[in-house]
Amino acid sequence: MSDRVSGPVSDRTSDQERRPVLRVKGRVLVGPDEVRDELWAVGGRITYERPPGAESAQTVTGWALPGLVDAHCHVGLDRHGPVDAATAEKQALTDRDAGTLLIRDAGSPSDTRWTDDREDLPKIIRAGRHIARTRRYIRNYAHEIEPGDLVAYVAREARRGDGWVKLVGDWIDRDAGDLTACWPRGEVEAAIAEAHRLGARVTAHCFAEAALRDLVEAGIDCIEHATGLTEETIPLFAERGVAIVPTLVNIATFPDLAAGGEAKFPRWSAHMRQLYERRYDTVRAAYDAGIPVFVGTDAGGSLAHGLVAGEVAELVKAGIPPLEALSATAWGARRWLGRPGLDEGAPADLVVYDEDPRADVRVLAAPRHIVLNGRVVG
């Protein structure tokens, strides 16, 4: 057993030793207000001390940020369900080239563990596969189960994921003709408690209002989309420290969805339009109340990958200060997910821009260099 382990480790160590030293020079944004003049990548890791061999280092210049975070993304998934490895690779590369170097994959039926061995692809934190109520979600996406099985499936996905589990908290109920909650309160409480016992956090897809109070009072850690937040539930989120990932670039599709369902589900269509129309007010009210807000695009279902810059711009349009919107995909997002930024000894995952993204977040749409594990990959 020890021989099987030591071989790959030795190969990896040798590979790291062979890598050229990289120097990043200009303005290194270690934090919102902490700026250094340069950093070095040695063996794929960050150091702020001038290393041996510095005179022959490859040098890139500009404004450097930690690799951006897309906290709601789906690698290995498209509108029809799981995709093959070649398609998943293309998705991950598209995200990488947009500056996204850390992904929280918020539910996928595909096994993407193979990407962990690719140093040229973003790092992925997986939430396992979606867990949905029977016939209450997109076909081929989720485990579709009844409430009595929720605890068992949450435990299963908690063991398979990377510290997260994803529930579908609401979806259209065809009998009601509108969005309704998917799970009874008791089953949700038991499932979230089991996930926490196993060391996993829980998030849930929620468009509407109805499911939010039960989920938050049951101990949920995050809500995706959160378009149903109201003046009654916003204080509850703030009190409990429940984060939201608004995915505004996805919410922009609500009018088209509503138009497509108008004839069959007019009540649902009207509801979706209302949620869309108040989306910016909802996000700003959440931010003003102190609710943690993070960047996520919902890429991989019907949306294209590589939209992280657009989502940051949407948060700013909603009224979040630019520096806070930037943190929601950089320093703050990495801290929330328990991953390092531009820290001494951390993996050298960073994006370099021609201008200061703190001054104008639109700079994020045009990265100059992408650095993963100390190598310039784009």
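Rules used throughout
- Every chain is numbered on its own, with residues counted from 1 as its sequence reads.
- With pLDDT at 70 or above as the cut-off, local features in this predicted model cover only qualifying residues; side-chain atom pairs require 80 or more to be listed or tallied, and sums for whole chains, interfaces and linings still use all residues.
- Hydrogen atoms and water are omitted, and side-chain values are computed over all heavy atoms in the structure.
- Throughout this description, the term salt bridge denotes a Lys or Arg side-chain nitrogen within 4 Å of a carboxyl oxygen of Asp or Glu.
- Counting from the N terminus, the helices are DSSP H or I runs at least four residues long and the strands are E runs at least two residues long.
- Relative accessible area decides the class of each residue, using a 1.4 Å probe on protein chains only: under 20% of the type maximum gives buried, over 50% gives exposed, and in between gives partly exposed.
- For two strands to be treated as a pair, DSSP must find at least two bridges joining them.
- Axis angles are defined between N-to-C directions and span 0 to 180 degrees, where every axis is a line fitted to C-alpha atoms and, for a helix, only to the segment in contact.
- Buried Ala, Val, Leu, Ile, Met, Phe, Trp, Tyr and Cys residues form a nonpolar core when they are joined through side-chain atoms within 4.5 Å.
- Any two rings among Phe, Tyr and Trp, with Trp reduced to its six-membered ring, count as a pair given centres within 6.5 Å; such a pair is stacked if its planes are under 30 degrees apart, edge-to-face if over 60, and tilted if neither.
- Distance and angle both matter: a charge sits over a ring if NZ of Lys or CZ of Arg is within 6 Å of the ring centre and within 35 degrees of the ring normal.
- Here a polar contact means two N or O atoms within 3.5 Å. Within protein one must be a hydrogen donor candidate and the other an acceptor candidate, and residues neighboring in sequence count only if both atoms are side-chain atoms.
- It only takes one pair of heavy atoms within 4.5 Å for two residues to be counted as in contact.
- Every angle not falling under 35 degrees, over 145, or within 65 to 115 is termed oblique; those three ranges are roughly parallel, roughly antiparallel and roughly perpendicular.
- In this count, Pro and Cys sit with the nonpolar residues alongside Ala, Val, Leu, Ile, Met, Phe, Trp and Tyr, while Asp, Glu, Lys and Arg are called charged and the others, Gly among them, polar.

A. Here's a closer look at the pattern of salt bridges. Following the criterion strictly, the structure yields 26 salt bridges and no others. Across the salt bridge formed by Arg-23 and Glu-38, the nearest N and O atoms sit 2.7 Å from each other. On the criterion of sequence distance, the pair formed by Arg-23 in strand β1 (residues 22-29) and Glu-38 in strand β2 (residues 35-42) is long-range, its members being 15 residues apart. Using a relative accessible area of 25% as the deciding quantity, one classes Glu-38 as partly exposed. Note that Arg-185 is salt-bridged to Glu-217, the shortest N-O span being 3.1 Å. Of this pair, Arg-185 sits in helix α4 (residues 185-197) while Glu-217 is found in helix α5 (residues 212-217), placing the two residues 32 residues apart along the sequence. You can call Arg-185 partly exposed: its relative accessible area is 28%. Salt bridges here are not isolated pairs; linked through shared partners, they connect Arg-185, Glu-189, Arg-213, Asp-214 and Glu-217.

B. Representation of the sheet that holds strand β9 (residues 123-126) within the structure. Strand order in the open sheet made by the three strands is β5-β8-β9, with parallel pairing throughout. The outermost strands of the open sheet, each flanked by one partner alone, are β5 (68-73) and β9. With direction set aside, neighbouring strand axes in the sheet form an average angle of 20 degrees. Relative to β9, strand β8 (residues 100-105) runs parallel, the two being bridged by four bridges. Looking across to β9, one finds that Leu-102 is bridged to Lys-123.

C. The arrangement of the nonpolar core in detail. Residues Leu-65, Leu-150, Leu-167, Ile-220, Ile-223, Phe-237 and Leu-315 are the most contacted members of the largest nonpolar core, which totals 79 residues. Residues Val-30, Ile-46, Ala-348 and Leu-350 belong to the second largest nonpolar core, which totals 15 residues.

D. Structural detail: the packing of aromatic side chains. Inspection of the entire model under this criterion finds six aromatic pairs. Taken together, a centroid distance of 4.2 Å and an interplanar angle of 10 degrees make the contact between Phe-294 and Trp-336 stacked. Here Phe-294 is found in the loop between α10 (279-288) and α11 (308-317), whereas its partner Trp-336 is found in helix α13 (residues 331-337), with 42 residues between them in sequence. Residue Phe-294 shares its accessibility class with Trp-336, and that shared class is buried. Through pairs of rings, three or more aromatic residues link up here, namely Tyr-137, Tyr-141, Trp-171, Phe-207 and Phe-254. Cation over ring: Arg-279 sits above Tyr-276, and NZ or CZ is 3.9 Å from the ring centre.

E. Highlighting the side chain of Thr-233. Mapped onto the fold, Thr-233 is located in the loop between β16 (222-225) and α6 (234-240). There is a polar contact of 3.0 Å between the side chain of Thr-233 and the backbone nitrogen of Thr-230. Residues in contact with Thr-233, not counting those within four places in the same chain, are Leu-212 and Gly-228.

F. Local environment of the packing of helix α8 (residues 254-261) against helix α9 (residues 266-277). At a closest axis distance of 8 Å, the pairing of α8 and α9 adopts a crossing angle of 170 degrees. The pairing of α8 with α9 is recorded here as roughly antiparallel in orientation. Residue-level inspection shows Phe-254, Pro-255, Leu-257, Ala-258, Ala-259 and Gly-261 of α8 in contact with α9, the latter providing Pro-266, Trp-268, Ser-269, Met-272, Arg-273, Leu-275 and Tyr-276. Of the residues belonging to the contact of α8 with α9, the class tally is ten nonpolar, two polar and one charged.

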